[in-house]
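Chain and residue survey
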Amino acid sequence: MTNKPVPKEPELIACEICLKEIPASASQSAEAHDYVHHFCGIDCYQQWQQQQAQDQED
Ligand SMILES: [Zn+2]
């Protein structure tokens, strides 16, 4: 009888820009308006920052 530990599935979250699923631990995150946004990497994070800046201009 073997007792193999069941590997816990990493929590996956979707990048807000490209919607790619990434492990939460590997994500870039930013807090804005009391909400935490998640991104797959710095590229998507910077894209989001630009969008935020544009939104505020209107
Ligand atoms: Zn992304």
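Now for a description of the structure that goes with this document.

What follows is about the overall build of the protein chain. When helices and strands are counted, the protein chain shows one helix and four strands. In the protein chain, the succession of helices and strands from N to C terminus is β-β-β-β-α. For the protein chain, the C-alpha radius of gyration of 16 Å lies well beyond 10 Å, the compact-globule estimate for 58 residues. For the protein chain, the C-alpha atoms occupy an extent of roughly 65 × 20 × 15 Å along the three principal directions. With 58 residues in all, the protein chain has 10% of them scored as buried. Taking contacts inside the protein chain between residues at least 6 apart in sequence as the whole, the part at least 24 apart equals 20%.

If you check helix α1 (residues 42-57), its first and last C-alpha atoms are 23 Å apart, about what 16 residues at 1.5 Å a residue would give, namely 22 Å. Counted residue by residue, α1 has one buried out of 16 residues, so it is predominantly exposed.

Another point: the nonpolar core. Counting five residues, the largest nonpolar core is built from C15, I22, F39, C40 and C44. Not counting the four nearest positions on each side in its chain, F39 is found in contact with C15, E16, I17, S27, Q28, C44, Y45 and W48.

Cut-offs and rules
Once a new chain begins, its residue numbering starts again from 1 and follows that chain's sequence as written. It should be noted that, the model being predicted, local features are given only for residues of pLDDT at least 70 and side-chain atom pairs only at 80 or more, the latter also being counted only at that level, while totals for whole chains, interfaces and linings use all residues. Helix and strand definitions here come from DSSP, where helices need a minimum of 4 consecutive H or I residues and strands a minimum of 2 consecutive E residues; each element is numbered from the N-terminal end. Our radius of gyration looks at C-alpha atoms and nothing else; its globule reference is 2.2 Å times the residue count to the power 0.38. With C-beta atoms placed from the backbone, a residue is buried if 20 or more other C-beta atoms are within 10 Å of its own, exposed if 12 or fewer are, and partly exposed between those counts. A pair of residues counts as a contact when their C-beta atoms, built from backbone coordinates, are separated by no more than 7 Å. For a helix, the expected span equals 1.5 Å multiplied by the number of residues minus one. Joining buried Ala, Val, Leu, Ile, Met, Phe, Trp, Tyr and Cys residues through C-beta atoms within 7 Å gives a set, and that set is a nonpolar core.

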